[in-house]
Amino acid sequence: MRFLFTFFLLFQSLISQQVDPHRLNHNAEPIFQTIHLNLNPDKNDYSGSTIISLKIKEELSSFRLHGSDFNITEIELRQGSELISVGYEFLDYGLLKIKPIQAPLIGDYKLYVTFNGTVSKKGEGISKFVKDSLNYIYTQFQAIKARKSFPCFDEPNFKFPYQISITSPKEYLVVSNTPIETETVNGSEKTVLFKNTKPLPSYLLAFAVGPYETTQIPGLKIPGRIILPKGNLDKSRIAKNMTAKLLTALENYFGMPYPYEKLDFIGVSGHGGAMENPGLVVYMEGLLIDAEEVPLTQKRDIAYFVAHELAHMWFGDLVTLEWWDDTWLNEGFADWISMEILIQQFPELKPREQLLKNFNWALWGDVKATTEPIHRIVQGDDNPEDVFDGLTYAKSQIVLRMIESWIGRDTFKKALNNYFKKYKWKNTTADDLIITLQKVSGKNVKQVMNDFVFQAGIPLLKANLKDANTIQLTQQRYKGVENGNEYNTLWHIPLSIKIYDGNTVHKKKIFLNQHSEEFSFPGIDNIEWVYLKEDLLGYFIAVVPIRFYTNMTGQPYLTKYEKNDLLSGLGYSHLAGILNPTDILDMAYKLRQSSDPSIIETFATRIYTIWNIYKEGFNAEDFSIFANKTVLPLLESVGYGFSLVESNSKTNARDLLFDVLGQNPDVIKRSNKFANKYLKNENTLNSKHRPYLPRLFYSEGTLELHEEIMSRLKNSNIADERWLLSQTIGWFKNDILVKKNLEYSLSADLEPFQRLFIAMGVQSMYKWDIENKQTLIPWLKQNYVTLKEKVSEDILNNWLPFFVWDYDDLSLFNDLFPKDKRSRSMQKSLEKRIETLKKNKKLRELYGKDVKEYLSGFGKSVEATQ
Ligand SMILES: [Zn+2]
């Protein structure tokens with residue numbers, strides 16, 4: 001086993017040492033680049049020029065950099081005052097080859113290029129959006145979009161200073177990564193020259209032009225502003241007021257001040273997240289523009305995003321990873337420290353709820369047979385954006401959290417301080433950090449890291465009582481019931497556990513080295529139960545004997561987060577085919593009076609899953625008796641109406657319970673009442689209203705209601721509301737309206753995400769009624785090309801496989817996207833979808849009959865007791 005694994009590592013390092021023909025080499029080394037752009041947001045094209053200073057270290061007959069999607073109008077190479085004529089060729093994978101008439105080249109050169117191109121409307125490269133009929137430009141270059149905008153060396157290990165200058169209509173705000181050096185007005189135009197940047201990779205360059213407005217961020221030691229589309233400044237409060245506190249916390253942690261001269265945050269429409277450009281962080285506007293009243297979870301999202309992007313100023317920007325296959329460390333680290341800071345500084349935002357969410361995000365892919373290791377090989381012809389997923393963010397974060405707890409907080413911090421001192425302004429690989437952690441801690445960090453980073457999947461840990469003071473732990477790779485593979489994977493796992501002896505809880509640290517191992521705890525007599533993941537520390541699924549569960553959930557010795565995590569083990573046991581779902585239904589019935597939202601949430605999730613998988617096979621009347629006796633009390637305990645300060649658990653539970661009870665006329669009536677109330681009374685609607693709205697549109701999807709929603713959608717100024725309403729119009733059941741809404745999703749002034757949300761709304765109705773499928777799939781087929789032009793292709797391709805609802809849809813999908821036409825990310829996403837179909841089928845074969853019998857028996861026994 002160890003041998004095989006070592007061989008695998010060796011093989012990987014051989015691959016990475018081979019010359020990748022799609023990557024640049026460092027024979028031609030850029031050391032400085034100026035970029036001048038003529039940008040007018042009111043136009044659809046732009047022009048520019050660039051000068052790249054290069055050192056050519058060995059004799060070359062040609063060299064390559066990146067460039068695509070723009071036209072070159074002039075190009076020349078100079079050595080001192082000598083002009084060298086050159087030809088150029090656009091190659092595949094965004095490469096641009098420069099070939100001098102006279103070769104060879106050696107020494108110092110300057111490459112001059114003038115070019116022009118078109119502004120994107122999909123948030124890729126130099127992009128444009130429209131808000132309140134005004135036009136704005138901003139940029140998004142990660143991972144490989146700078147090359148679409150201007151000639152550059154577009155790989156993260158080309159890290160050197162740039163100087164940007166922009167000519168625009170003089171009335172517009174022009175910003176970039178650095179402060180302004182000079183500004184000159186010439187007639188109706190101005191030219192803004194920015195100061196040189198620190199050494200940066202091309203993916204971190206950023207600029208924006210438009211009728212933006214600005215307000216100061218209070219409490220910073222460097223200049224910093226919130227920059228927003230016109231008319232929104234008074235709506236920016238949360239991010240603005242949190243930033244100084246978050247930045248100070250990071251400075252204290254890293255033991256070094258913020259490394260750049262200024263810090264602007266800019267909010268833009270149509271962006272799906274945030275981007276850590278040093279000095280000019282781009283956010284989707286919903287993170288900087290607040291609704292009138294903001295729910296707790298949204299506040300937490302904002303804090304989490306801001307902390308994450310700020311953490312990148314050190315991790316990613318100051319020290320940049322050599323290549324995209326270490327993206328996991330970059331993102332995992334930013335997520336890890338954001339969580340740390342929220343736990344320390346903003347406990348009122350309930351950060352551990354986010355940690356549980358992240359765990360589920362990681363597991364979504366990682367419990368499947370098709371999962372990959374966190375560390376994925378990215379070749380020059382791959383799209384690095386494919387690796388930005390739950391493994392890269394969430395799994396990495398949880399692994400880092402486990403390591404920090406194992407080697408100790410102070411040791412971890414000391415190692416990081418050393419790392420940043422040593423590597424600032426440079427590039428590193430993940431190994432550089434791991435070696436530092438190992439040296440400072442004196443522990444075998446590399447072994448644990450390698451297990452979790454290079455091996456695919458998640459450990460399933462089973463705990464059993466051996467005798468009164470001994471527990472036995474076994475580990476194996478978790479696999480779903482459909483997965484017939486044999487795994488012999490071994491992880492070295494540091495554990496923080498809780499042991500209960502009938503009196504008190506003892507916290508212990510142990511280290512699991514084997515597939516099966518016994519741990520004795522002299523001095524602790526009569527162990528009653530053990531919980532393996534104290535404070536959610538550890539990346540694994542823990543399973544305990546079924547009798548433990550009811551003991552543990554009723555006691556005060558586990559936090560609500562730990563209970564939630566513990567009970568999620570039940571769900572995974574079911575999906576692995578090692579626990580009969582009727583045990584879960586039974587436990588849910590017993591715990592139906594629970595008032596603990598995290599317990600309700602876990603049961604809501606499990607019942608929802610069981611309902612979804614088995615509902616075709618059981619008698620609907622039997623289920624509705626179970627639902628009325630079990631699910632309804634859970635819903636009543638959560639409450640029908642939401643409150644702004646409630647926890648995630650409550651909101652999620654309500655959402656799921658409503659879905660399970662979707663056919664119950666009483667629940668439909670109640671949710672309609674709430675939906676109407678929110679529609680009529682609330683100034684803005686946000687994602688918290690989601691559970692109520694679908695039933696309203698689904699059951700009463702009248703034309704008048706449709707008109708009302710459309711006008712609200714057209715007039716909405718709040719991103720969160722626009723996105724919810726886009727999804728909402730997708731929920732109408734009426735076939736004519738479905739068609740009308742899908743047509744609308746292609747119309748002029750929607751953001752790319754809104755278009756997608758409309759179709760997603762239609763798709764999310766499958767769970768109650770699959771009629772809409774007959775409209776949606778042919779529509780997609782007809783409009784795929786148009787949709788591709790209007791929505792980011794990566795996102796679209798990733799999401800399309802979710803339309804495959806059952807096996808019948810596969811042929812339609814194959815028809816629309818034959819295998820050779822699928823992108824890598826689409827193929828991966830489709831494989832995961834197929835796995836889910838297989839799993840559900842297998843589970844129905846295994847337990848379908850039991851669930852049916854349980855439900856009919858339940859109905860009878862309830863009747864008998866009445
Ligand atoms: Zn990030």
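Residues numbered from 1 in each chain as written. Predicted model: local features only at pLDDT ≥ 70, side-chain atom pairs only at ≥ 80, totals over all residues. Heavy atoms only, no water.

## Section: the domain arrangement of the chain
Selection criterion: The split of the chain into domains comes from an automatic or database domain assignment. We call two residues in contact when some of their heavy atoms are within 4.5 Å. Each of two parts loses accessible area, computed with a 1.4 Å probe, when they are put together; buried area is these two losses added. The term salt bridge refers to a side-chain nitrogen of Lys or Arg lying within 4 Å of a carboxyl oxygen of Asp or Glu.
Its domain assignment divides the chain into domain 1 (26–120 + 136–207), domain 2 (211–316), domain 3 (320–427), domain 4 (459–551) and domain 5 (667–773). Taking only C-alpha atoms into account, the centre of domain 1 sits 28 Å from that of domain 2. Each side of the interface is counted separately: domain 1 has 21 residues, and domain 2 has 25 residues. Where domain 1 abuts domain 2, roughly 1900 Å² becomes buried across the two surfaces, and 64% of that area is made up of carbon and sulfur atoms. Of all residues in domain 1, the largest losses of buried area upon contact with domain 2 belong to Tyr-136, Tyr-138 and Leu-173, amounting jointly to 33% of the total for that side. Where domain 1 meets domain 2, there are one salt bridge. Among the salt bridges present, the one from Lys-195 reaches Glu-261, with a minimum N-O distance of 3.4 Å.

## With respect to the sheet that holds strand E14 (residues 189–194)
We apply this condition: Any two strands with at least two DSSP bridges between them are considered paired. The helix and strand labels rest on DSSP assignments: H or I over at least four residues marks a helix, E over at least two residues marks a strand, and numbering proceeds from the N terminus. Axis definition: a line fitted to C-alpha atoms, limited for helices to the stretch in contact. Angles are taken between N-to-C directions and run from 0 to 180 degrees.
Taking strand neighbours across the sheet as the criterion, the eight strands line up as E5-E4-E8-E2-E1-E11-E14-E13 in an open arrangement whose pairing is mixed. Strand pairing shows two members of the sheet lacking a second neighbour, strand E5 (82–84) and strand E13 (180–186), which therefore form its edges. Geometrically, the sheet is characterised by an average inter-axis angle of 20 degrees between neighbouring strands, direction not taken into account. Sheet topology note: the strand E4 (residues 70–79)/strand E8 (residues 105–118) ladder contains eight bridges and is antiparallel. Of the residues in E8, the one forming a bridge with Glu-76 is Tyr-112.

## Comments concerning the environment of Lys-563
The topology assignment puts Lys-563 in helix H11 (residues 560–575). As a C-alpha pair, Lys-563 and Tyr-531 span 32 residues in sequence and 9.6 Å in three-dimensional space.

## Remarks on the packing of aromatic side chains
The test is simple: Only rings of Phe, Tyr and Trp enter the pairing, Trp through its six-membered ring, and a pair is recorded when the two centres are within 6.5 Å. The plane angle decides the type: under 30 degrees is stacked, over 60 is edge-to-face, the rest tilted. Using a 1.4 Å probe on the protein chains alone, a residue whose accessible area is under 20% of its type maximum counts as buried, one over 50% counts as exposed, and one in between counts as partly exposed. Either the NZ atom of lysine or the CZ atom of arginine qualifies as a charge over a ring when it sits within 6 Å of the ring centre and within 35 degrees of the ring normal.
Counted by the stated rule, this structure contains 53 aromatic pairs. Centroid distance Tyr-253 to Phe-254: 5.9 Å. Interplanar angle 90 degrees. Geometry classified as edge-to-face. The residues Tyr-253 and Phe-254 share a single accessibility class, namely buried. Against the face of Phe-540 rests Lys-533, its NZ or CZ located 5.1 Å from the ring centre. The aromatic ring of Phe-674 is capped on one face by Lys-673, whose charged end is 5.3 Å from the ring centroid.

## Some points on unusual backbone geometry
Here the residue pair Gln-142 and Ala-143 is connected by a cis peptide bond, since its omega of 0 degrees sits within 30 degrees of zero. Topologically, Ala-143 is positioned in the loop between strand E10 (134–140) and strand E11 (162–169). Notably, Lys-350 is not glycine yet its phi reads approximately 50 degrees, a positive angle.

## Quick look at the coordination of the zinc ion
Basically, it comes down to this: Keep in mind that water is not among the atoms, so a site may look incomplete; donors are the N, O and S atoms within 2.8 Å of the metal, or 3.2 Å for Na, K and Ca.
On the protein side, the zinc ion has His-308 (NE2), His-312 (NE2) and Glu-331 (OE) as donor atoms, found 2.0 to 2.1 Å from it. Expressed as a motif, the donor residue spacing for the zinc ion is H-x3-H-x18-E. Pair noted here: His-308 and His-312 are both in helix H3 (residues 296–314), with a separation of four residues, about one helical turn. Residue His-308 is classed as buried on the basis of its relative accessible area, which comes to 6%.

## As for the pattern of salt bridges
Summed over all chains, the structure comprises 35 salt bridges. Between Asp-154 and Arg-147 there is a salt bridge whose closest N-O contact spans 2.9 Å. Neither residue differs from the other here; Asp-154 and Arg-147 are each classed as buried. Between Asp-389 and Arg-376 there is a salt bridge, with the nearest N and O atoms lying 2.7 Å from each other. You can see Asp-389 sitting in the loop between helix H5 (351–366) and helix H6 (390–407) and its partner Arg-376 sitting in the loop between H5 and H6, a full 13 residues away along the chain. Its relative accessible area of 3% is what places Arg-376 among the buried residues. Through salt bridges with shared partners, one network takes in Lys-131, Glu-285, Arg-722 and Glu-751.

## Quick notes on the pairing of E4
Here three bridges tie E4 to E5, and the two strands are oriented antiparallel to one another. By the bridge assignment, Leu-77 is partnered in E5 with Ile-84. Between E4 and E5, which pair antiparallel one after the other, the connecting turn spans two residues, and Gly-80 there sits at a positive phi close to 60 degrees.

## Here's the deal with the nonpolar core
Proteins that are soluble and globular tend to have nonpolar side chains buried together. Defined as follows: Think of a nonpolar core as a cluster: buried Ala, Val, Leu, Ile, Met, Phe, Trp, Tyr and Cys residues, connected wherever their side-chain atoms sit within 4.5 Å.
Judged by nonpolar contacts, the single largest core of 264 residues is most densely connected at Phe-63, Phe-265, Trp-314, Phe-420 and Phe-603. Every residue in contact with Trp-314, bar those within four places of it in the chain, is listed here: Leu-247, Leu-250, Glu-251, Phe-254, Met-256, Pro-257, Tyr-258, Pro-259, Val-319 and Phe-420.

## A closer look at empty space enclosed by the protein
Our working definition: Only protein atoms enter the 1 Å grid used here, on which a cavity is any set of points holding a 1.4 Å probe that cannot leave and a pocket is any open set flanked by protein within 12 Å on both sides along at least five of seven lines; residues with an atom within 4 Å of a point are listed as lining. Grid points are joined across faces, edges and corners, and a volume is the space filled by probe spheres set on the points. Residues are grouped as follows: Ala, Val, Leu, Ile, Met, Phe, Trp, Tyr, Cys and Pro are nonpolar; Asp, Glu, Lys and Arg are charged; all remaining types, including Gly, are polar.
Tallied over the entire structure, the rule returns seven cavities of 30 Å³ or more. One number sums up the size of the largest cavity: a volume of about 80 Å³. Ile-777, Leu-780, Leu-800, Phe-803, Val-804, Asp-809, Leu-812, Phe-813, Leu-816 and Phe-817 are the residues that line the largest cavity. Looking at the lining of the largest cavity, the elements with two or more residues in it are helix H22 (772–790) and helix H24 (807–816). It is H24 that contributes the most residues to the lining of the largest cavity, four residues altogether. In the lining of the largest cavity, the residues fall into nine nonpolar, no polar and one charged. Put simply, the second largest cavity is a space of about 70 Å³. As for the second largest cavity, its lining consists of 14 residues, and the residues nearest its centre are His-66, Ile-144, Arg-147, Trp-323 and Gly-380. Split into classes, the residues belonging to the lining of the second largest cavity amount to five nonpolar, four polar and five charged. In terms of domain composition, the lining of the second largest cavity takes at least three residues from each of domain 1 (26–120 + 136–207) and domain 3 (320–427).

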